[in-house]
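The primary structure of each chain is shown beneath.
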Amino acid sequence: MRPISYSRASDVTGAIATVTADPTSDFLAGGTTEIDLLRQNVLQPRRLVDINDLPLTQIEDRPDGGVYIGAVARMSDVAEAPGVRERFPMLAEALVLGASAQLRHMATMGGNMMQRVRCGYFRDAVSPCNKRDPGSGCSAIDGFNRGHAVLGAGDSCIATHPSDVAVALMALEARIHTEGASGRRVYAIDDFFLLPGDTPHLEHPLEHGELIVGIEVPYTPVAGNALYLKVRDRESYEFALASVAVGVTISDGVIRDARLALGGVATKPWRARRAEEILRGATADRETFVRAAREELAAARTTPLNEFKVELAQRTMVRALETLTSPERPS
Ligand SMILES: Cc1cc2nc3c(=O)[nH]c(=O)nc-3n(C[C@H](O)[C@H](O)[C@H](O)COP(=O)(O)OP(=O)(O)OC[C@H]3O[C@@H](n4cnc5c(N)ncnc54)[C@H](O)[C@@H]3O)c2cc1C
Ligand code: SF4
């Protein structure tokens, strides 16, 4: 048995100082990732610093139309917040389609950004896995990899990023606010999630002890005409095989602006920049959508088990765009 010390932080400075001072310590929020991995012996912290009492549960509407979400706000509270539902529907939809109701009541927004991959080899605590044990190899590349990534994958790791809400936040160009021993920082969300490259054990640019304090979602006109579409093996309580967060503005049948991100197919929440380039200024029709989807997936790297994801992702993109631009869709 491994002893673990537990403390409940009452202020942000104290929480950061305690974790920073002890390399074997972790923050504990809702515990829905941390406790699972601790039980499976994948994580072995000797100290847990509970951050649930920190004053970081706010969901604040900003005067410019944006919203600021505290890191300890629960996924279920954010999904139900009127400002989020009205101005950022794709965010509310991505939250409701994630995990289960019970989990969403426990899980926090900061914890969601930091959740770990669902690769079975990472989670079994014994198979070679570069992410868990750097340099040991990747069991998934020649193993069971049906759910693994086709975009952003390297030779060291092909695990899919599992979050739904991070995909919506990627499309919305959210900013992650942190505090740590080096002071306050703000990360553009695209910089917050790292590609595996040669260092798959590094998933974020955070220092040990750096605490996510909040997530800022800026106002953008595309956010109001947006949706999140998730395709999975079963209709609830399941991670995405492919998902799309998309928002567009259209006038006279032409797409003026588009924001698109993909989940379930990449090693990080994937901003579909090539597709956006094709969509902007083009006629909002199926031909444009098919071309945008095809070109975004052109760089896909597949295995025999996961190659179906290329077509699935393309179809999911086209369906999301057709749904969003349908004249029958209520405005
Ligand atoms: C069965 C199951 C199904 C799920 N399905 C989905 C799904 O469909 N879609 C989806 O998006 N997610 C899904 N999840 C993942 C779930 O959303 C995450 O487990 C949850 O969001 C993590 O939040 P938490 O507060 O419980 O984090 P914790 O488990 O407490 O922490 C997770 C990690 O983040 C660190 N951490 C926590 N808060 C902070 C902070 N503020 N700053 C810095 N580090 C921090 C912790 O040290 C830990 O390493 C599922 C989880 C389970 C168990
Ligand atoms: S895909 Fe990544 S997480 Fe899975 S075994 Fe390979 S290195 Fe580990």
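Thresholds applied
Think of each chain on its own: its residues are numbered from 1, step by step along the sequence as written. Whichever chain is written first is A, and whichever ligand is written first is 1; the rest continue in order. Selection of residues for local features in this predicted model requires a pLDDT of at least 70, selection of side-chain atom pairs for listing and counting requires 80 or more, and totals for whole chains, interfaces and linings are taken over all residues. For side-chain calculations, the full set of non-hydrogen atoms in the structure is used, while hydrogens and water are omitted. Going along the chain from the N terminus, every DSSP run of H or I of four or more residues is numbered as a helix, and every run of E of two or more is numbered as a strand. Radius of gyration: C-alpha atoms only; globule rule: 2.2 Å multiplied by the number of residues to the exponent 0.38. Buried residues are those whose accessible area, probed at 1.4 Å on protein chains only, stays under 20% of the maximum for their type, while exposed residues exceed 50% and partly exposed ones sit between those limits. Note on contacts: a residue pair qualifies if any of its non-hydrogen atoms lie within 4.5 Å across the two residues. Only the protein chains shown count as cover for residues, with accessible areas throughout obtained via the Shrake-Rupley method and a probe of 1.4 Å. The nearness test applies per residue and asks whether one of its heavy atoms lies within 4 Å of the molecule or strand. Polar here means any residue other than Ala, Val, Leu, Ile, Met, Phe, Trp, Tyr, Cys and Pro, which are nonpolar, and Asp, Glu, Lys and Arg, which are charged; Gly is therefore polar. Only strands that DSSP links by at least two bridges are regarded as paired with each other. Between the N-to-C directions of two axes lies an angle of 0 to 180 degrees, each axis being a line fitted to C-alpha atoms and, for a helix, fitted only over the stretch in contact. Basic side-chain nitrogens of Lys or Arg form a salt bridge, by our definition, when they fall within 4 Å of a carboxyl oxygen of Asp or Glu. Under the rule applied, a polar contact is a pair of N or O atoms within 3.5 Å (in protein, one hydrogen donor and one hydrogen acceptor; residues adjacent in sequence only if both atoms are side-chain atoms). Those domain boundaries reflect an automatic or database domain assignment.

### Overview of the overall build of the protein chain
Secondary structure assignment for the protein chain yields 13 helices and 12 strands. A compact globule built from 331 residues would reach a C-alpha radius of gyration of about 20 Å, and the protein chain, at 20 Å, matches this within 12%. Burial status across the protein chain gives 53% buried among its 331 residues. Once local pairs closer than 6 in sequence are excluded, the contacts in the protein chain between residues at least 24 apart make up 62%. Total accessible area on the protein chain is roughly 14,800 Å²; 50% of this is exposed by carbon and sulfur atoms.

### Re the site of ligand 2
In the neighbourhood of ligand 2, 14 residues make up the surrounding shell, with Cys119, Cys129, Cys138, Cys157 and Ile158 lying closest. In terms of residue class, the shell around ligand 2 is made up of 9 nonpolar, 4 polar and 1 charged.

### Focus on the sheet that holds strand β2 (residues 25-28)
Sheets are built from strands paired through backbone hydrogen bonds, the pairs being either parallel or antiparallel. In spatial order, the strands read β1-β3-β2; together these 3 strands make up an open sheet with parallel pairing. One side of each edge strand has no neighbouring strand; the edge strands of this open sheet are β1 (5-8) and β2. Looking at each pair of strands side by side, their axes are set apart by 20° on average, direction ignored. Relative to β2, helix α1 (residues 12-21) is tilted by about 150°, and along the sheet it contacts β2 and β3 (47-50).

### Brief notes about the pattern of salt bridges
Tallied over the entire structure, the rule returns 27 salt bridges. Of the charged contacts, one joins Asp61 and Arg87 as a salt bridge, the two residues approaching to 3.2 Å between their closest N and O atoms. Taken together, the residues span a long stretch of sequence, with Asp61 in strand β4 (residues 59-61) and Arg87 in helix α4 (residues 82-87) at a distance of 26 residues. Look at Asp61 and you get partly exposed, because its relative accessible area is 47%. The partner of Arg185 in a salt bridge is Glu210, with the nearest N and O atoms 3.1 Å apart. In this pair, Arg185 sits in strand β7 (residues 183-188) while Glu210 sits in the loop between α10 (189-192) and β8 (211-217), placing the two residues 25 residues apart along the sequence.

### Quick look at the site of ligand 1
Near ligand 1 there are 33 residues, and of these Phe27, Thr32, Thr33, Thr108 and Asp164 occur at the shortest range. Here an oxygen atom of ligand 1 sits 2.8 Å away from a polar atom, N or O, in the main chain of Gly31. Within the contact set of ligand 1, an oxygen atom lies 2.9 Å away from a backbone nitrogen or oxygen of Ala99. Surface burial for ligand 1 is 94%, taken as the share of its 970 Å² of free accessible area covered by protein chains. Where the shell around ligand 1 is concerned, the elements lending two or more residues are β2, α2 (34-39), α7 (109-113) and β8. If you count residues domain by domain, the shell around ligand 1 takes at least three from each of domain 1 (5-52) and domain 2 (222-325).

### Overview of the domain arrangement of the protein chain
Segmenting the protein chain into domains produces domain 1 (5-52) and domain 2 (222-325). Taking only C-alpha atoms into account, the centre of domain 1 sits 36 Å from that of domain 2.

### Observations regarding the sheet that holds strand β5 (residues 67-70)
Spatially, 5 strands are ordered β4-β5-β8-β6-β7 in an open sheet, and the strand pairing comes out antiparallel. Only two strands of the sheet have a single partner each, and these edge strands are β4 and β7. In this sheet, adjacent strand axes meet at a mean angle of 20° when their direction is disregarded.

### Overview of helix α5 (residues 89-96)
For α5, the tally of buried residues reaches 6 of 8 residues, placing the bulk of the element in the interior. Of all the residues in α5, the buried ones are Pro89, Met90, Leu91, Ala92, Ala94 and Leu95.

### A closer look at unusual backbone geometry
Here the phi dihedral of Glu173 falls at roughly 55°; this positive angle occurs in a residue that is not glycine. With respect to the helices and strands, Glu173 occurs in the loop between α9 (165-171) and β6 (175-180). On the accessibility criterion, Glu173 (35% relative accessible area) is partly exposed. The phi dihedral of Asp252 falls on the positive side, at around 50°, and the residue is not glycine. Relative to the helices and strands, Asp252 resides in the loop between β10 (242-251) and β11 (254-263). Its relative accessible area of 75% is what places Asp252 among the exposed residues.

### Notes on the side chain of Thr160
Structurally, the position occupied by Thr160 is in the loop between α8 (120-123) and α9. When its relative accessible area of 12% is taken as the criterion, Thr160 is described as buried. In terms of polar contacts, Thr160 uses its side chain to reach the backbone carbonyl oxygen of Gly147, at 2.7 Å. Here the side chain of Thr160 touches Ala149 through a polar contact of 3.2 Å, landing on its backbone nitrogen. If we ignore the near neighbours within four places in the chain, the residues touching Thr160 are Val117, Gly147, His148, Ala149, Gly264, Val265, Ala266 and Lys309.

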